[in-house]
Structure formats: C-alpha cells, structure tokens
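These are the residues of each chain, in order.
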Amino acid sequence: RAVYHDEARIVAIRDPKRQLRGHVLVITAGTSDIPVAEEARVTAEVMGSRVETIYDVGVAGIHRLLERQSRLMQARVVVVVAGMDGALPSVVGGLASCPVVAVPTSRGYGASFGGLRAVYHDEARIVAIRDPKRQLRGHVLVITAGTSDIPVAEEARVTAEVMGSRVETIYDVGVAGIHRLLERQSRLMQARVVVVVAGMDGALPSVVGGLASCPVVAVPTSRGYGASFGGLAALLTMLNSCAAGVGVMNIDNGYGAGCLAHRINVLGERHDEREVRDKRER
C-alpha cells in the first residue's frame, strides 16, 4: 500500500484506519519551495495530522495570504517554507496565533529573524533561536573525517547547543591523516559523547570507538564518489563496526545525531549531580 509522492520525493506507507487529527497549515513563499513543503505535508499526514496547504503566497504577493488569513487563525501550527523570501515567516508569525515553524531552503534566509533573536548558521543551513539564559552543560565532541562532512557536523553541533549541551569540534581528522586525531586523543577522553561524521569509506567511527570510553554516535554522509553510492557504503561500514558502543544514524542526519548526543550528555550530567549529592549526604 505504498504511494510514491513525486513532488515530495517520498515513498509513504499509510495506515488507512488512522484518523487524521488536528490542523497543520503548510505555506510556501514561491512555487520553487513546494518540493520541501510537500515533504513536510506528506510526513505530517503519515504521522496522523490533518494538513492544509497554501502555496505561492510570498511577501511580493502578500495579498494572497491576507485573503486566507482566516485559515491561519484555525491552524494549530503553521509550517512556512521560504527560499529567498526571508521576510515571510515574520509576517506569518505576526498574523498567526499558533506556533510557526520556519524551514529555510536557501542561504538567503535568516536575515529577517533578527527581531526574534534567531541566527542563521550558513554551514549547517539552520535558523536557530536560542535561550540566552540557558547554561550549556556537559561535553559533546563533534568530529569529521573531512572538510566536506562539515555541513552535517555543524547541523549536529547547532542542534545539540540549542538543546543545551556544550559542544566542541575537531574537523578534518579522517583515517587518511589519523595522526591529526591521535594528537588530540586527550579531548576524546574528556567527552561524554562523541559524534563522528564521515563519508567515503566511513571508517573513522570505528577508530574513535576503539579510542574513546564514551558512547559514539556515527553519522554517514552522502559525500563521496564512485562506489560510495551516496553514503550507503559509509552507512554499511558503520553498521558493521566491530568497535563497542557505536550507534549509527541515517545518512546525513546531523539533526538526529545532535538530538541523541544531547540526551546522552544530559544523562551523564544527571548522573554526576546525583554522585555529588550522595557524597554530600554521607
């Protein structure tokens, strides 16, 4: 019962018995943003949400959005997909009374978020809104094999930091220049969790897993050529790692790696707090 959604480039298997609930509204600035918006729509529907769409209502044609303002008022959450039209999320945020999720699709985004204390991270392609009062805790270490893996690593770094983890990075220390990693081995020993991002042969997580005493989150990337098969070779290498304590994310899933690393890091923080409390009670 799988259906291929051409615009979203997704094969979705839905439960015909599942009743769609709530109200998600997906908006795009232009027609070029529709593929990303369709990906969001299909994903939300498969997970059980009722989704409505309004496409091609950018600031240049804002009257088309204002004519549909009543639909904004009915939604429980609005997803705004915009490329170069970076002002649209702010406009929607001013009109809607529900949460607004902004999805950037190009590096022309981010500038309109200054009033919302948001920062556009160009390398990670993420618009992040941080709590300035939140204190970063613990120690997450993000490592890449090569420079081409940095965008996925930055996605993991920004995600973990926004969630409240202190993150350190070591980039371009792959197995072809393993001496660069060995020179920094002491930093591996200090981390509570290590995120290792690698494409090509994907061997670095196994090396790190053999050196580090903490959990390792391995992230294969689609960077590579020839028999790398868009990251599949790296993924299979990581899944077949003989190093203990290595968990593997999907290809290019820096966001998922950042979330998992933060959760592991926070567990370590809680453990340390309990140990300190127990010592005081003694």
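The structure presented is a predicted model; accordingly, all values stated were derived computationally and were not measured. (Residues numbered from 1 in each chain as written. Predicted model: local features only at pLDDT ≥ 70, side-chain atom pairs only at ≥ 80, totals over all residues. Heavy atoms only, no water.)

Taken as a whole, the second largest pocket spans an internal volume of roughly 280 Å³. Lining of the second largest pocket is provided by 19 residues; of these, Ala145, Gly146, Gly199, Met200 and Asp201 occupy positions nearest its centre. Tallied by class, the residues present in the lining of the second largest pocket amount to seven nonpolar, seven polar and five charged. (1 Å grid on protein atoms, 1.4 Å probe; cavity = no way out; pocket = protein on both sides within 12 Å on 5 of 7 lines; lining within 4 Å. Points joined across faces, edges and corners; volume = space filled by probe spheres on them. Nonpolar A, V, L, I, M, F, W, Y, C, P; charged D, E, K, R; others polar.)

Attention now goes to the pattern of salt bridges. This structure, assessed with the given rule, holds nine salt bridges. We note a salt bridge from Asp56 to Arg64, for which the minimum N-O separation is 3.8 Å. Judged by its relative accessible area of 29%, Arg64 falls in the partly exposed class. In this structure, Glu168 and Arg187 form a salt bridge, with 2.6 Å as the shortest nitrogen-oxygen distance. Separated by 19 residues along the polypeptide, Glu168 in strand 10 (residues 165–170) and Arg187 in helix 7 (residues 185–190) bring together distant segments of the chain. What makes Glu168 partly exposed here is its relative accessible area of 21%. When salt bridges that share partners are traced, they join Glu38, Arg41 and Glu45 into one network. (Salt bridge = Lys/Arg side-chain N within 4 Å of Asp/Glu carboxyl O. Buried < 20%, exposed > 50% of the residue type's maximum accessible area, 1.4 Å probe, protein only. Helix = DSSP H or I, 4+ residues; strand = E, 2+ residues; numbered from the N terminus.)

Turning next to a positive patch on the surface. On the surface, a cluster of positive charge is contributed by Arg18, Arg21, Arg50 and Arg76. Topologically, Arg18 is positioned in the loop between strand 2 (10–13) and strand 3 (21–28). (Patch = residues over 30% accessible without salt bridge, like charges linked within 9 Å, V, L, I, M, F, W, Y side chains within 5 Å. Areas by Shrake-Rupley, 256 points an atom, 1.4 Å probe, with all protein chains shown as cover. Lys, Arg positive; Asp, Glu negative; His and termini not counted. Charge placed at Lys NZ, Arg CZ, Asp CG, Glu CD.)

What follows concerns unusual backbone geometry. For residues that are not glycine, phi is negative in most cases, and the peptide bond is trans in most cases. Residues other than glycine seldom take positive phi values, yet Asp56 does so here, at roughly 65°. If you trace the backbone, Asp56 turns up in the loop between strand 4 (49–54) and helix 2 (62–66). Since its relative accessible area comes to 31%, Asp56 is described here as partly exposed. With a phi angle near 50°, Phe229 is a residue other than glycine that sits in the positive phi range. In this fold, Phe229 is placed in the loop between strand 12 (216–220) and helix 9 (232–239).

As a further point, take the nonpolar core. In this structure, Leu141, Ile143, Leu181, Leu188, Val194, Leu204 and Val208 are the most contacted members of the largest nonpolar core, which totals 21 residues. Mapped onto this core, the elements with two or more residues apiece are strand 9 (137–144), strand 11 (193–198), helix 8 (204–211), strand 12 and helix 9. Per-element accounting of this core gives the leading share, three residues, to strand 11. (Core = buried A, V, L, I, M, F, W, Y, C linked by side-chain atoms within 4.5 Å.)

The next subject is the sheet that holds strand 11. Across the sheet, which stays open at both edges, the five strands sit in the order 10-9-11-12-13 with parallel pairing between neighbours. One side of each edge strand has no neighbouring strand; the edge strands of this open sheet are strand 10 and strand 13 (246–248). Across the sheet, the mean angle from the axis of one strand to that of its neighbour is 25°, orientation sign disregarded. Sheet analysis places strand 9 next to strand 10, joined by five bridges and oriented parallel. Its bridge partner being in strand 10, Val140 is matched across the sheet by Val167. Its contacts with the sheet place helix 5 (residues 150–163) against strand 9, strand 10, strand 11 and strand 12, and it is angled at close to 160° to strand 10. Contacts from helix 9 reach strand 11, strand 12 and strand 13 within the one sheet, and its direction differs from that of strand 12 by about 155°. (Pairing = 2+ DSSP bridges. Axes fitted to C-alpha atoms, helices over the stretch in contact; angles between N-to-C directions. Contact = heavy atoms within 4.5 Å.)

The analysis is restricted to geometry; functional conclusions fall outside its scope.
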